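Read off the chains here:
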Amino acid sequence: MNEAPLRLGTRGSKLAMAQSGQVAGALTARTGRPVELVEVVTAGDRSSAPVHRLGVGVFVSALRDALVAGTIDFAVHSYKDLPTATAAGLHIAAVPPRQDPRDALVARDGRTLAELAPGAVVGTGALRRIAQLHALGMPLSVTPIRGNIDTRLARVLGPEADLDAVVLARAGLTRIDRADAVTETLDPMLMLPAPAQGALAVECRLDDTDLVELLALLDHAPSRAAVTAERAMLATLEAGCSAPVAAYAELAEGDNGDEIYLRGAVISPDGTHEVRLSRTGTPADAAEIGKALAAELLDLGADSILGPQGHDGPGTQQFGSTE
């Protein structure tokens, strides 16, 4: 007898459908189980407000509600959209191989960041990117924008373009086959990514043990370790949605096996104050590396940059959609 398809909950955006479809295809290829996509509309999809003003979990809560209600079997999230606090009764069963976590510039006339004219208008939806663009000290005009990837690209490349460039996550462009639009992939030394950028989280109910085991086949240990370190740093900072926080963990072969190299930064929105540090350790200690780096950042004054509005309590950072 044929098994019923597993129901995968996803947002309805082009990017969400693409990355959910890729996870569904990978699961079917590994297990033979059919998967059907179930569109779930989130509060973030219904609002046109700036992402950082929408609140925590705005792209996530409806999917998690559907999981708890049993109307879907599992969900795929852009990992950076997830609050750092764990959700009762739910489990991140897999972190598939991470896409390139770097940010990407899409500019008119194929220009790089250094080639943008003085006064060029650059759009982005993330306070983290806005802060780091300001910190570069370049004569740019930076403006917050919303919309899906195609909408943002049209503001640079379309017939009614009103921006000189936009900055987006390279992973999102790759997943919808628009990496050809990238005019420069930004070096993390210039633009440190958001914690968990480029990574996906495959979530299901903790008590669905058979599905937990099945989804674990998609887990990529190096990607999970990197994301664990980045998000542990974020959670320890207790940074709220008004605080530009960046983190990037890389795995490399060390003298005694694999090592994690974690870089973290806290930048004021106007780019005038920042604290940047790095720390290394083993993948098994990923969470402890992130916590220790956060403690060092706080010791060096990150707390004053975060300010009272940057502290919304543990697990409340909301960076907005990968789009």
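From a predicted model like this one, the values you see are computed outputs, not experimental measurements. (Residues numbered from 1 in each chain as written. Predicted model: local features only at pLDDT ≥ 70, side-chain atom pairs only at ≥ 80, totals over all residues. Heavy atoms only, no water.)

## Brief notes about the overall build of the protein chain
Moving on, step 1. From N to C terminus, the protein chain includes 9 helices and 13 strands.
Moving on, step 2. Split into buried and exposed, the 323 residues of the protein chain put 52% on the buried side.
Moving on, step 3. Surface summary for the protein chain: the accessible area is close to 13,500 Å², and the carbon and sulfur share equals 50%. (Helix = DSSP H or I, 4+ residues; strand = E, 2+ residues; numbered from the N terminus. Buried < 20%, exposed > 50% of the residue type's maximum accessible area, 1.4 Å probe, protein only. Areas by Shrake-Rupley, 256 points an atom, 1.4 Å probe, with all protein chains shown as cover.)

## Thoughts on the sheet that holds strand β6 (residues 121–124)
Moving on, step 1. Taken in spatial order, the 5 strands of this open sheet run β7-β6-β8-β5-β9, and their pairing is mixed. Two strands close off the open sheet at either side, each with one partner strand: β7 (141–144) and β9 (184–185).
Moving on, step 2. Bridge count for β6 against β7 is 4 bridges, and the pairing is parallel. Within β7, the residue paired with V121 across the bridge is S141. (Pairing = 2+ DSSP bridges.)

## Considering the pairing of strand β2 (residues 35–39)
Moving on, step 1. Note that strand β1 (residues 6–10) and β2 share 5 bridges and pair parallel. Of the residues in β2, the one forming a bridge with R7 is E36.
Moving on, step 2. In terms of handedness, the path from β1 via helix α1 (residues 14–31) over to β2 forms a crossover that is right-handed. (Right-handed = clockwise from strand over helix to strand, strands pointing away.)

## Topic: the side chain of Q132
Moving on, step 1. In this structure, Q132 sits in helix α4 (residues 127–135).
Moving on, step 2. On the basis of relative accessibility, which here comes to 1%, the residue Q132 falls in the buried class.
Moving on, step 3. Here R276 takes part through its side chain, which lies 3.2 Å from a polar atom of the side chain of Q132.
Moving on, step 4. Here Q132 is in contact with L190, M191, L192, A246, I267 and R276, once residues within four sequence places are set aside. (Polar contact = N/O pair within 3.5 Å; in protein donor to acceptor, adjacent residues only side chain to side chain. Contact = heavy atoms within 4.5 Å.)

## So, the pattern of salt bridges
Moving on, step 1. Summed over the entire model, instances satisfying the criterion amount to 17 salt bridges.
Moving on, step 2. A salt bridge links E230 to R98, with the nearest nitrogen and oxygen atoms 2.9 Å apart. In this pair, E230 is assigned in helix α8 (residues 221–237) and R98 in the loop between β4 (90–94) and β5 (103–107), connecting sequence segments 132 residues apart. A single burial state applies to E230 and to R98, both of which are buried.
Moving on, step 3. Each of R7, D73 and R205 takes part in salt bridges that share partners, so that together they form one network. (Salt bridge = Lys/Arg side-chain N within 4 Å of Asp/Glu carboxyl O.)

## A short note on a negative patch on the surface
Moving on, step 1. Taken together, the side chains of E253, D255, D258 and E259 define an acidic patch exposed on the protein surface.
Moving on, step 2. Looking at where E253 falls in the secondary structure, it is placed in strand β11 (residues 245–254). (Patch = residues over 30% accessible without salt bridge, like charges linked within 9 Å, V, L, I, M, F, W, Y side chains within 5 Å. Lys, Arg positive; Asp, Glu negative; His and termini not counted. Charge placed at Lys NZ, Arg CZ, Asp CG, Glu CD.)

## Quick notes on the nonpolar core
Moving on, step 1. Formed by 21 residues in total, the largest nonpolar core has its most connected members in M233, L237, V245, I260, L262, V266 and L297.
Moving on, step 2. No other element matches helix α9 (residues 286–306), which puts 8 residues into this core.
Moving on, step 3. With near-sequence residues (within four places) excluded, L262 lies in contact with A229, E230, A247, Y248, A249, L277, S278, R279, I289, G290 and L293.
Moving on, step 4. Counting residues in hydrophobic clusters, the runner-up holds 18 residues, among them F74, A94, L214 and L215. (Core = buried A, V, L, I, M, F, W, Y, C linked by side-chain atoms within 4.5 Å.)

## Side note on the sheet that holds β1
Moving on, step 1. Taken together, 5 strands build an open sheet; the order of strands is β2-β1-β3-β10-β4 and the sheet is mixed. In the strand order of this sheet, the two ends are held by β2 and β4, each with one partner. Neighbour-to-neighbour, the strand axes of the sheet open up by a mean angle of 35°, direction not taken into account.
Moving on, step 2. Note that β1 and strand β3 (residues 74–78) share 2 bridges and pair parallel. For L8, the partnering residue across the bridge sits in β3 and is F74.
Moving on, step 3. Packing of helix α3 (residues 61–69) onto the sheet brings it into contact with β1, β3, β4 and β10 (200–205), and relative to β3 it is tilted by some 165°. (Axes fitted to C-alpha atoms, helices over the stretch in contact; angles between N-to-C directions.)

## Examining the side chain of R205
Moving on, step 1. Tracing the sequence through the fold places R205 in strand β10.
Moving on, step 2. Looking at R205, its side chain comes within polar contact range of the main-chain oxygen of I72, at 2.9 Å.
Moving on, step 3. Residue contacts for R205: discarding those within four places in its chain leaves L67, G70, I72, D73, G89, L90 and V212.

## Some points on the environment of A235
Moving on, step 1. Positionally, A235 belongs in helix α8.
Moving on, step 2. Judged by relative accessible area, which is 26%, A235 ranks as partly exposed.
Moving on, step 3. Measuring from C-alpha to C-alpha, the distance between A235 and T84 comes to 5.8 Å, with 151 residues separating the pair along the chain.

## Considering the packing of α8 against α9
Angle between the axes and distance between the axes are the two parameters that describe a pair of packed helices.
Moving on, step 1. Look at α8 against α9: their axes get within 7 Å of each other, and the N-to-C directions meet at 35°. The chirality of how α8 crosses α9 is right-handed. In contact with A225, T228, A229, A232, M233, T236 and L237 of α8, α9 contributes A286, A287, G290, K291, L293, A294, L297, L298 and L306.
Moving on, step 2. Counted by class, the contact of α8 with α9 contains 12 nonpolar, 3 polar and 1 charged residues. (Left-handed = near helix turned anticlockwise from the far one by under 90°. Nonpolar A, V, L, I, M, F, W, Y, C, P; charged D, E, K, R; others polar.)

Function-wise, these values are silent; they only describe arrangement.
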